[in-house]
Amino acid sequence: MPRPKKDGRYLNLYLDRALHEEFEQFCESLGQTKTVAAERALRMYMDTMKQNPEQIIR
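Conventions we followed
- Counting from 1, residues in each chain are numbered in the order their sequence is written.
- In keeping with the model being predicted, local features are shown solely for residues with a pLDDT of at least 70 and side-chain atom pairs are shown and tallied solely at 80 or more, while totals for entire chains, interfaces and linings include all residues.
- Hydrogens are left out, water is left out, and the side-chain values use all remaining heavy atoms of the structure.
- Secondary structure elements are taken from DSSP: a helix is a run of H or I of four residues or more, a strand is a run of E of two residues or more, and numbering for both begins at the N terminus.
- Helices are assigned an expected span. That span is 1.5 Å times one less than the residue count.
- Between N or O atoms, a polar contact is any pair within 3.5 Å; within protein, one atom must be a potential hydrogen donor and the other a potential acceptor, and residues adjacent in sequence are included only when both atoms are from side chains.
- One side-chain nitrogen of Lys or Arg within 4 Å of one carboxyl oxygen of Asp or Glu is enough to make a salt bridge.
- Here the term buried applies to any residue with accessible area under 20% of the maximum for its type, exposed to any over 50%, and partly exposed to those in between, with areas from a 1.4 Å probe on protein chains only.

Details of helix α1 (residues 17-30)
The end-to-end C-alpha separation of α1 is 20 Å, in line with the 20 Å expected for 14 residues at 1.5 Å each. The distance from a side-chain oxygen at the start of α1 to the backbone nitrogen of A18 is 3.1 Å, and the residue carrying that oxygen is D16. Just downstream of α1, G31 is the residue with a positive phi angle, here 70°.

Structure below.
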């Protein structure tokens, strides 16, 4: 039985080639999808910025 689709939106990014290759290797080494890794990274970044908003100014 296929897993249910999540309620989401698409996000298109244009990444530097080296960063993209590193990101793909990172995801592969952890056995997770790029979507999961990107969602977790965005969540961690936004949570950090909410706790310490003056970092945005720097």
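A short note on the pattern of salt bridges
The full count for this structure, using the stated rule, is three salt bridges. In this structure, E39 engages K6 in a salt bridge whose closest nitrogen and oxygen atoms are separated by 2.6 Å. With E39 in helix α2 (residues 34-51) and K6 in the segment before α1, this pair connects stretches of sequence that are 33 residues apart. You can call K6 exposed: its relative accessible area is 55%. Across the pair K34 and E24 runs a salt bridge, and its minimum N-O distance is 3.3 Å. Separated by 10 residues along the polypeptide, K34 in helix α2 and E24 in helix α1 bring together distant segments of the chain. Its relative accessible area of 38% is what places K34 among the partly exposed residues. You can call E24 partly exposed: its relative accessible area is 35%.

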